[in-house]
Amino acid sequence: MTSTTVIKNIGSLVTNDPALGDGTPLGLIENAALVIDGDEIVWVGEAAAAPAADAAFDAKGRAVIPGFVDSHSHLVFAGDRTAEFNARMSGRSYSAGGIRTTVAATRAASDAELEANLLRHLDEARRQGTTTFETKSGYGLTVEDEARALRIAAAHTEEVTYLGAHIVSPDYAEDPAGYVDLVTGEMLAACAPYARWVDVFCEKGAFDGDQARAVLTAGAAAGLIPRVHANQLSYGPGVQLAVELGAASADHCTHLSDADVDALAQAAGTTVATLLPGAEFSTRAQWPDARRLIDAGATVALSTDCNPGSSYTSSMPFCIALAVRDMRMTPDEALWSATVGGARALRRTDVGVVTPGARADLALLEAPSHVHLAYRPGVPLVSAVWQRGVRAA
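Residues numbered from 1 in each chain as written. Predicted model: local features only at pLDDT ≥ 70, side-chain atom pairs only at ≥ 80, totals over all residues. Heavy atoms only, no water.

Participant: Help me understand the overall build of the chain, please; the structure alone is not making it clear to me.
Facilitator: Secondary structure assignment for the chain yields 14 helices and 17 strands. A compact globule built from 393 residues should have a C-alpha radius of gyration of about 21 Å, and the chain, at 21 Å, falls within 12% of that. Seen through its principal axes, the chain has C-alpha atoms that stretch 70 × 45 × 45 Å. Surface exposure of the chain reaches about 14900 Å², of which carbon and sulfur atoms provide 52%. Measuring between centres, the 30 positive side-chain charges of the chain sit 5 Å from its 47 negative side-chain charges. (Helix = DSSP H or I, 4+ residues; strand = E, 2+ residues; numbered from the N terminus. Rg over C-alpha atoms; globule rule 2.2 N^0.38 Å. Areas by Shrake-Rupley, 256 points an atom, 1.4 Å probe, with all protein chains shown as cover. Lys, Arg positive; Asp, Glu negative; His and termini not counted. Charge placed at Lys NZ, Arg CZ, Asp CG, Glu CD.)

Participant: Explain the packing of aromatic side chains to me, please; I cannot follow it from the model alone.
Facilitator: Remark: the centre distance and the inter-plane angle together describe each pair of aromatic rings, the angle taken between the planes. Per the stated rule, a full pass over the model turns up 6 aromatic pairs. On the numbers, 5.0 Å between centres and 85 degrees between planes, the contact of Phe57 with Trp386 is edge-to-face. A residue pair is termed long-range when its members are at least 10 positions apart, and Phe57 in strand E4 (residues 55-58) and Trp386 in strand E16 (residues 382-387) qualify at 329 residues. We classify Trp386 as buried; its relative accessible area is 6%. Members of the aromatic cluster, connected to one another through ring pairs, are Phe77, Tyr139 and Tyr312. Taking the ring centre of Trp386 as reference, the NZ or CZ of Arg391 above it sits at 5.5 Å. (Phe/Tyr/Trp six-rings, centres within 6.5 Å; stacked < 30°, edge-to-face > 60°. Buried < 20%, exposed > 50% of the residue type's maximum accessible area, 1.4 Å probe, protein only. Lys NZ or Arg CZ within 6 Å of the ring centre and 35° of its normal.)

Participant: Is there a simple way to think about helix H12 (residues 316-326) in this case?
Facilitator: An α-helix turns once every 3.6 residues. As a result, residues three or four positions apart point the same way. Listing the buried residues of H12 in full gives Met316, Pro317, Cys319, Ile320, Ala321, Leu322 and Ala323. Packing partners of the buried residues in H12 comprise strand E6 (68-70), strand E7 (130-136), helix H10 (277-283), strand E14 (300-302), helix H13 (331-345) and helix H14 (372-375). Looking one or two residues beyond H12, the residue adopting positive phi is Arg328, at roughly 65 degrees. (Contact = heavy atoms within 4.5 Å.)

Participant: Which parts of the structure should I look at to understand the environment of Ala363?
Facilitator: For Ala363, the location among the structural elements is in strand E15 (residues 362-365). On a C-alpha basis, the gap between Ala363 and Glu333 in space is 18 Å, while along the polypeptide they are 30 residues apart. Every residue in contact with Ala363, bar those within four places of it in the chain, is listed here: Ala63, Val64, Ile65, Pro66, Gly67, Gly129, Val382 and Ala384.

Participant: Would you mind going over the nonpolar core with me for this structure?
Facilitator: Burial of nonpolar side chains together is a common tendency in soluble globular proteins. Tyr162, Leu264, Leu293 and Leu302 are the most contacted members of the largest nonpolar core, which totals 88 residues. Among residues more than four places away in sequence, those in contact with Leu264 are Val239, Val243, Ala250, Cys253, Leu256, Thr271, Ala273, Leu293 and Ala298. By size, the runner-up hydrophobic cluster in this structure holds 18 residues, among which are Ala32, Leu34, Ile41 and Leu362. (Core = buried A, V, L, I, M, F, W, Y, C linked by side-chain atoms within 4.5 Å.)

Participant: I would appreciate a short explanation of H13 in the present structure.
Facilitator: For H13, with 15 residues, the first-to-last C-alpha span of 20 Å sits near the 21 Å given by 1.5 Å per residue. Of all the bends found along H13, the most pronounced is centred on Ser337 and spans about 40 degrees. Within H13, 11 of the 15 residues are buried, which leaves the element mostly enclosed by the surrounding structure. Residues of H13 that are buried include every one of Ala334, Leu335, Trp336, Ser337, Ala338, Thr339, Val340, Gly341, Gly342, Ala343 and Ala345, and no others. Of the residues one or two after H13, Arg347 is the one with positive phi, at around 50 degrees. (Expected span 1.5 Å × (residues − 1). Bend = angle between axes of the 7 residues up to and from the residue.)

Participant: Teacher, can you tell me more about the pairing of strand E5 (residues 63-66) here?
Facilitator: Relative to E5, strand E1 (residues 4-13) is paired through 2 bridges, and the arrangement is parallel. Opposite Leu13, over in E5, you have Val64 as the bridge partner. (Pairing = 2+ DSSP bridges.)

Participant: Whenever I open this one, the pattern of salt bridges confuses me. Can you help?
Facilitator: Two side chains of opposite charge can pair, provided their charged atoms sit close to one another. Under the counting rule described, the total for this entry stands at 24 salt bridges. Here Lys136 and Glu134 are joined by a salt bridge, their closest N and O atoms 2.7 Å apart. The exposure class of Lys136 is buried, given its relative accessible area of 1%. Between Glu159 and Arg348 there is a salt bridge, and its shortest N-O distance comes to 2.7 Å. Separated by 189 residues along the polypeptide, Glu159 in strand E8 (residues 159-165) and Arg348 in the loop between H13 and E15 bring together distant segments of the chain. By relative accessible area, which is 1% here, Glu159 ends up buried. Taking relative accessible area as the criterion, Arg348 reaches 11% and is therefore assigned buried. Shared partners join several salt bridges into a network, and the residues in it are Glu158, Glu159, Arg196, Arg348, Asp350, Arg359, Asp361 and Arg388. (Salt bridge = Lys/Arg side-chain N within 4 Å of Asp/Glu carboxyl O.)

Participant: So what exactly am I meant to see when it comes to the packing of helix H5 (residues 176-184) against helix H7 (residues 209-221) here?
Facilitator: For any two helices packed against each other, one specifies the crossing angle of their axes together with the interaxial distance. It is the contact of H5 with H7, at a shortest axis distance of 9 Å, that shows an interaxial angle of 15 degrees. Classified by the interaxial angle, the pair formed by H5 and H7 is roughly parallel. Relative to H7, the crossing made by H5 is right-handed. Residue-level contacts link Pro176, Val180, Val183 and Thr184 of H5 to Gln211, Ala214, Val215 and Ala218 of H7. In terms of residue class, the contact of H5 with H7 is made up of 6 nonpolar, 2 polar and no charged. (Axes fitted to C-alpha atoms, helices over the stretch in contact; angles between N-to-C directions. Parallel < 35°, antiparallel > 145°, perpendicular 65-115°, else oblique. Left-handed = near helix turned anticlockwise from the far one by under 90°. Nonpolar A, V, L, I, M, F, W, Y, C, P; charged D, E, K, R; others polar.)

What follows is the structure in structure tokens.
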């Protein structure tokens, strides 16, 4: 028999359900309370009407938000690329291998080392309010190494993505077509049992439109749902391919034509534009234009893209601050995109919201309002986290 807990005296509660709150997309309720039963939220409303529960937690007038939903990360890896980052930030040329450096380190690591590194990053993210995360393979690029990355990830999240098509494996540098055959054949067969999603880096220097289509359609035939690294470094076919194939998400979306924006707007109920400002921060690249996408009617998510090369942050609050400051999002839009936006990118309705029947994933802020996430950048505002109804941080 489960016990119930009431979180009372919430100064400001973000539900992401306009019908529950003030009619805005955030569904704000002031002077609120909620009740958890097991791993589920069973009641939400004004504090004065809260039912009795077996236990109580006093929020002391602070804000409560849904746990963040990080729908794009690369957490199964080994090694360090500090020298690469230092050179980039110092304006020096750097000729080491980039992703290939991480591939070599990941291949050399034991299963235990990879899992320990994954768990360290998950704990780091959880302490900053992330309660749902997606993560990918992509640093093994052999049948065995891709499958073990997904096996390790699947022990810790249901949102696992097969990214054998991250770059062409160094082993196939002279035979990219042969590598696509491997990714769509033997490697896919070994990896599909551990994954929910299939992804491809559709970009100059990685996989072109035809190669990306082959990867995604093969993955879909194996029961995996497409998502796409699209239009990060240059204009290209990634966004259009994502929309055409009904991908759940087109990720990065930095270089977009008017036709790309229109396509994402028209596919707003199917394909989410997932923006990853940590990558632009860490590479001094052009910022995605979130305002353009939102005003056109696209559905936008925010995620960390946590990876050792181009976005080594696990902090969703940091990404919210970047989105508000540099991508022209309002604080409300950024929080929505970091919670229910990410849930939509994962085609989930049980996370990213605080409503009866949703999973009890919550973050308590050491602040009276969610706006402080952007107003006080860099400050550790998340003071408590509940994951599946259990106090996790």
